[in-house]
2 protein chains.
Amino acid sequence: MSGSDPTVGELSEGAILRRILDRLGASSALVGPGDDAAVIAAPDGRVVATVDTLVHGPDFRLAWSTAFDLGWKAAAVNLADVAAMGARPTALLVALAMPDDTPVSFVEGIADGLRAACEALAPGCAVEGGDLTVSDTLTIAVTALGVLDGAAPVLRSGARPGDVLAVAGPLGHASRGLALLFDRFRDAAGHPVVADLTTLSPAERIDLEAQLRPRPPLELGPIAAAAGATAMMDVSDGLVLDVSRLAAASDVSIWIDSPALGEDAAFALSGGEDHALLATFARPDVLPVGFHPIGRVEPAGEHAVLVDGHTHAGTGGWDPYRDWDAHGG
Amino acid sequence: MSGSDPTVGELSEGAILRRILDRLGASSALVGPGDDAAVIAAPDGRVVATVDTLVHGPDFRLAWSTAFDLGWKAAAVNLADVAAMGARPTALLVALAMPDDTPVSFVEGIADGLRAACEALAPGCAVEGGDLTVSDTLTIAVTALGVLDGAAPVLRSGARPGDVLAVAGPLGHASRGLALLFDRFRDAAGHPVVADLTTLSPAERIDLEAQLRPRPPLELGPIAAAAGATAMMDVSDGLVLDVSRLAAASDVSIWIDSPALGEDAAFALSGGEDHALLATFARPDVLPVGFHPIGRVEPAGEHAVLVDGHTHAGTGGWDPYRDWDAHGG
């Protein structure tokens, strides 16, 4: 035993679970953690469900992310998918696979981050179940559940010509933060080193926070649904790529006005991981507070997306199988 | 490109998803795969939810399991947890993390196994969402959802002195199958080699099937609930260990009668992964067809579990952090 901070390989699964459960806060489920399955309320007879995974290497580096960051981000990216349906998140299930030599304190940090993200981004949502496994690769797969409170889910397929395209939340910050890490916090061999925050400007710190602990305005998901959003999704893989998906699902073309994206439109157009909410509305005069217009929906044309009337150069977004190097450090 | 069977690293995530979705069969969800999240019906206002993960190394070896086997087992172990609440499975969400050089045909095999297990073990349940990630370690995290159709969930904590302990489904086969693999299908260096089924007796083939493609009678979960099961769980980590968990949750002691476990009681007592349903009933005369008595519930005593009146020697079950060697081949 390593004193007060043993590794997960030194404790039984039950002992690790007890240390995690102590940190997750109160369950609001009908049946919370500890049985074969949780039982979650779904009062209007429907449950929204999504899963997303963070993998060491392609999705994060341990020199750059604390355990708390990882728990936060794993929660946030899934909560965003629930909010993007117009739903209110109610529960997370967390499958954590980790090497034998992982300190239990690291697992506790992940639990703290999961709880903090729920409290900040989706009050009332908590971790209600999970699974611990040993693995050579640290992997966090989170399932998020949510409820629609009687509203219709807002799909990607509902955008119609004449709708306004609007966004709530930052665009481009997370990818600028990632670029910062790759540009400034690697050693001569290219391996990640701990980021010295004192070397960063205030704006750079905001970008780094957006990458490591994204804080999209997820409470606006149900508000957008109530305001009549015709289509919605979260921007996880880059604005142009995600808008092209929404356009394809809706069988329309979408024009983006890059001046509406702020000073650094290039990052806003291509950068992923902000998890801002992208939505279309039939009436531009009644956008919910927090959304601002960035374009418009047109009849299906030759191109799914046009930026200022032109096709967008570059990859148009991020694809984890193409753009990442899992062996880069 | 590798002709008709490229690797996942050679295709976009969207292209891989299309090939998988084609194999998953019809969605029965309100919103199926393809949006930010699925929407699943939960007519009585509650959803049962659980997650479990299979990791290459600790949980399976690619020489021993086909892709189909992995998909099947990943579904089965989660469906069992839903059934053990007395619920009927309705949907799976699958988070698949895999190396770049994984052939797409392998992913298709996993999809086929997931579908086949749902059709065989939980008709009406299908894969309704998922996530693909690149990882150095092949990992399959499955979330299963289910509905209770108006019944109360059957917890681990409801066993009362005087109840009969009963089981539905095989015990010990899966661990005998695992022992077969380790004993007979490794090379001189200890690394797994493909199992030559022609060398196995009919009984051994049954054991191997139980390990690779478990087929517990999950339809008996809701039937047990309707018949008044006071407590229930699935036997995933070994009978003695899981009975001790049920006893602790219920604050009782439980006696197991080993003659009721058949000829090979040692494997039945300690072996994991059968996913049989373990339940307690207040009336031994009305056990549902498929359940047979294997013991009884006593007031809480010095020991949580006694086998034929004695404490059980050995580890009492399987703990993935203790019993596995992730580096053994």
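Everything quoted here is computed from the prediction, not taken from an experiment.

**Student:** Quick question: what am I supposed to make of the relation of the copies chain A and chain B here?
**Tutor:** For the pair of chain copies, the relating transformation is a rotation about an axis with a translation along it. Screw-axis analysis of chain A against chain B gives a translation of 0.0 Å along the axis, an RMSD of 0.0 Å, and a rotation angle of 180°. This pairing of chains is accounted for by a two-fold axis. When C-alpha positions in chain A are compared against the rotation axis, the closest is assigned to A:G45, at 2.3 Å. The overlap is high: 100% of the interface residues of chain A also sit at the interface in chain B, so the same surface is used on both sides.

**Student:** Is there a simple way to explain the interface of chain A and chain B in this structure?
**Tutor:** Interfaces are frequently sized by the accessible area removed from exposure as the parts join. Listed as interface residues are 65 residues of chain A and, on the opposing side, 65 residues of chain B. For the pair chain A and chain B, the two sides together bury roughly 5000 Å², of which 57% comes from carbon and sulfur. Along the contact surface separating chain A from chain B lie four salt bridges. Where A:R156 meets B:D35, a salt bridge forms, and the shortest distance between an N and an O atom there is 3.8 Å. For the pair chain A and chain B, the number of links is 18 residue pairs in polar contact (both at pLDDT 80 or more). Listing elements by their share of the side of chain A that touches chain B, those giving two or more residues are α1 (13-21), β1 (38-41), β2 (46-55), β3 (88-98), β4 (126-134), β5 (139-147), β7 (229-235) and α9 (320-323) of chain A. Broken down by element, the residue count for the side of chain A that touches chain B peaks at nine residues, all from β2(A). Here the side of chain A that touches chain B is composed, by residue class, of 38 nonpolar, 12 polar and 15 charged. Here β2(A) runs beside strand β1 (residues 38-41) of chain B; their pairing, made up of four bridges, is antiparallel. Looking at β1(B), one finds that A:V47 is bridged to B:I40.

**Student:** Looking at this structure, I do not really get the UniProt feature "binding site: Mg(2+) 5" (unreviewed entry) in chain A. What am I missing?
**Tutor:** Per the UniProt annotation, the sites labelled "binding site: Mg(2+) 5" (unreviewed entry) are A:D237. Residue class for A:D237 comes out buried when judged on its relative accessible area of 13%.

**Student:** Explain the environment of B:L148 to me, please; I cannot follow it from the model alone.
**Tutor:** With respect to the helices, strands and loops of the structure, B:L148 is situated in the loop between β5 (139-147) and β6 (164-168). A residue is classified by how much of its surface remains accessible, and B:L148, at 3% relative accessible area, is buried. Distance from B:L148 to B:V48, taken between C-alpha atoms, is 7.5 Å for residues 100 residues apart in sequence. Excluding residues that lie within four positions of it along the chain, B:L148 makes contacts with A:V39, B:D44, B:R46, B:V48, B:M85, B:G86, B:A87 and B:P153.

**Student:** Looking at this structure, I do not really get the domain arrangement of chain A. What am I missing?
**Tutor:** Residues and elements named next belong to chain A. Assigned domains within chain A: domain 1 (8-147) and domain 2 (156-175 + 214-323). Domain 1 and domain 2 are separated by 28 Å when their C-alpha centres are compared. Counting from both sides, the interface comprises 15 residues of domain 1 and, opposite them, 13 residues of domain 2. Note on domain 1 versus domain 2: buried area summed over both sides is about 1200 Å², and carbon and sulfur give 64% of it. When the buried surface of domain 1 facing domain 2 is broken down by residue, K73, A84 and L121 rank first, second and third, together holding 36% of it. Viewed at the interface, domain 2 and domain 1 are joined by one salt bridge.

**Student:** Is there a simple way to explain the sheet that holds strand β11 (residues 305-307) of chain A in this structure?
**Tutor:** Sheet strands pair by backbone hydrogen bonding; their relative direction is either parallel or antiparallel. Residues and elements named next belong to chain A. As summarised here, the arrangement of the six strands in space is β7-β9-β6-β10-β8-β11, forming an open sheet in which the pairing is mixed. With partners counted over all chains shown, the strands left at the sheet margins are β7 and β11, one partner each. The mean inter-strand angle of the sheet, taken between neighbouring strand axes irrespective of direction, is 25°. Relative to β11, strand β8 (residues 252-256) is paired through three bridges, and the arrangement is parallel.

The rules behind the values
Residues numbered from 1 in each chain as written. Chains lettered and ligands numbered in written order. Predicted model: local features only at pLDDT ≥ 70, side-chain atom pairs only at ≥ 80, totals over all residues. Heavy atoms only, no water. Least-squares fit on C-alpha atoms with pLDDT ≥ 70 in both. Contact = heavy atoms within 4.5 Å. Buried area = accessible area lost by both parts, 1.4 Å probe. Salt bridge = Lys/Arg side-chain N within 4 Å of Asp/Glu carboxyl O. Polar contact = N/O pair within 3.5 Å; in protein donor to acceptor, adjacent residues only side chain to side chain. Helix = DSSP H or I, 4+ residues; strand = E, 2+ residues; numbered from the N terminus. Nonpolar A, V, L, I, M, F, W, Y, C, P; charged D, E, K, R; others polar. Pairing = 2+ DSSP bridges. UniProt positions renumbered as here; feature names shortened; annotations may be inferred. Buried < 20%, exposed > 50% of the residue type's maximum accessible area, 1.4 Å probe, protein only. Domains from an automatic or database assignment. Axes fitted to C-alpha atoms, helices over the stretch in contact; angles between N-to-C directions.

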